[in-house]
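Examining the three-dimensional arrangement
One letter stands for each residue in the lines below.
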Amino acid sequence: MSLSTLTMRPGILSWFYPSLLWKQPAADTVYLTFDDGPHPDITPWVLKQLAAYNAQATFFCVGDNVRKYPTVFEHIKAAGHTTGNHTHNHLNGWKTPDGAYLDNIAEADGYIGSPLFRPPYGRITYTQLNKIRKQYPGMKVVMWSLLTCDFDPELTPETCLDHTLKSIKPGDIVVFHDSEKAFPRLEVLLPAVLAYCKAKGWQMKAISL
């Protein structure tokens, strides 16, 4: 199956939410992020891959997964990576009442305690965004400039890799997923992307808190 790069870039979504962080100005740096963890097996594998390339990343964690796997979460932080809030139950903001959405973020915050937030699926309303900013002054809502599409089971690992390597450039905020659903593609994708970035001489950094 082929994949249009239009599905990997935020496109019109970034026009509607220009105040959110979509990319960072950088001449020689890419910003790696991982959503949906921590996972007891996959996240430690990711940490080993990152360590092999001296790469730092940001892990946007689901609060309930942090509750279930607190040791893995502590390993993420101990390795020098940053963490972010991805709601407690991976909620779609477009399908969730504002009160329930904010409560879910607050529940996750009790486990994660980060000033970074990424809405699952990239789905958030203006009202929810305004309420988050009021309840959490200074919270940085981080989106992305490049999806690897590792979450899509209809895509082959090779398809994800080909389009990621053709698209990635300095300043990109890149999204991977440390989840069981994504792992068949992530297992091929991540080592190759890390090697590619190193060969280009690019640094791989986390989003700063």
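Scroll up to find the structure.
What comes next concerns the included structure. Bear in mind the structure is a predicted one, so any value in this text is a computation, not a measurement.

Topic: the packing of aromatic side chains
One pass over the full model with this rule turns up seven aromatic pairs. Plain terms: the ring middles of F34 and F176 are 5.1 Å apart, the flat faces sit at 20° to each other, and that makes the pair stacked. Here the residue F34 occupies a position in strand β1 (residues 29-35), and F176 occupies one in strand β7 (residues 173-177), the gap between them amounting to 142 residues. Residue F34 shares its accessibility class with F176, and that shared class is buried. Linked through ring pairs, F34, F59 and F176 together constitute an aromatic cluster.

With respect to the environment of P38
One can find P38 in the loop between β1 and α2 (42-52). Take P38: its relative accessible area is 1%, and that puts it in the buried class. Taking C-alpha positions, P38 is 21 Å from L146, a pair spaced 108 residues apart along the chain. In contact with P38, not counting residues within four places along its chain, are T43, C61, V62, N65, V66, Y69, V72, F73, I76 and D178.

Regarding the pattern of salt bridges
Evaluation of the coordinates by the stated rule reveals six salt bridges. The closest approach of N and O atoms between K77 and E74, which form a salt bridge, is 3.4 Å. With a gap of three residues between them, K77 and E74 both fall in helix α4 (residues 70-78), about one helical turn apart. With a relative accessible area of 42%, E74 lands in the partly exposed category. Across the pair D172 and K169 runs a salt bridge whose closest N-O atoms are separated by 3.9 Å. Assessed through its relative accessible area of 0%, D172 is described here as buried. Residue classification places K169 among the partly exposed residues on the basis of a relative accessible area of 35%.

Notes on the nonpolar core
Counting residues in hydrophobic clusters, the biggest one holds 61 residues, and the most contacted among them are L32 and F34. Considering each element in turn, this core owes the most residues, seven residues, to helix α8 (residues 183-200). If sequence neighbours within four positions are ignored, F34 has contacts with V46, L50, A57, T58, F59, F60, F176, H177, D178, L186 and L190.

Things to note about helix α6 (residues 126-135)
Along α6, the residues classified as buried are Q128, L129 and I132. Projection of α6 onto a plane perpendicular to its axis shows the buried side chains occupying an angular sector of 100°, all on one side. Those residues of α6 that are buried are in contact with α5 (98-112), β4 (116-117) and β5 (140-141).

Regarding the layout of surface pockets
Counted as a void, the largest pocket has a volume near 550 Å³. Residue lining of the largest pocket: 22 residues in total, with Y121, G122, L147, F151 and H177 positioned closest to the centre. Of the residues in the lining of the largest pocket, the class split is ten nonpolar, six polar and six charged.

So, the packing of helix α7 (residues 157-167) against α8
α8 packs onto α7 with a crossing angle of 30° between their chain directions and a minimal axis gap of 8 Å. Classified by the angle between their axes, α7 and α8 sit roughly parallel to one another. Relative to α8, α7 is oriented so that their crossing is right-handed. On α8, the residues touching P157, C160, L161, T164 and L165 of α7 are P184, R185, V188, L189, A192, V193 and Y196. Here the residues of the contact of α7 with α8 are counted per class, giving ten nonpolar, one polar and one charged.

So, how was this worked out
- Residues numbered from 1 in each chain as written.
- Predicted model: local features only at pLDDT ≥ 70, side-chain atom pairs only at ≥ 80, totals over all residues.
- Heavy atoms only, no water.
- Phe/Tyr/Trp six-rings, centres within 6.5 Å; stacked < 30°, edge-to-face > 60°.
- Helix = DSSP H or I, 4+ residues; strand = E, 2+ residues; numbered from the N terminus.
- Buried < 20%, exposed > 50% of the residue type's maximum accessible area, 1.4 Å probe, protein only.
- Contact = heavy atoms within 4.5 Å.
- Salt bridge = Lys/Arg side-chain N within 4 Å of Asp/Glu carboxyl O.
- Core = buried A, V, L, I, M, F, W, Y, C linked by side-chain atoms within 4.5 Å.
- Arc of directions from axis to C-beta.
- 1 Å grid on protein atoms, 1.4 Å probe; cavity = no way out; pocket = protein on both sides within 12 Å on 5 of 7 lines; lining within 4 Å.
- Points joined across faces, edges and corners; volume = space filled by probe spheres on them.
- Nonpolar A, V, L, I, M, F, W, Y, C, P; charged D, E, K, R; others polar.
- Axes fitted to C-alpha atoms, helices over the stretch in contact; angles between N-to-C directions.
- Parallel < 35°, antiparallel > 145°, perpendicular 65-115°, else oblique.
- Left-handed = near helix turned anticlockwise from the far one by under 90°.

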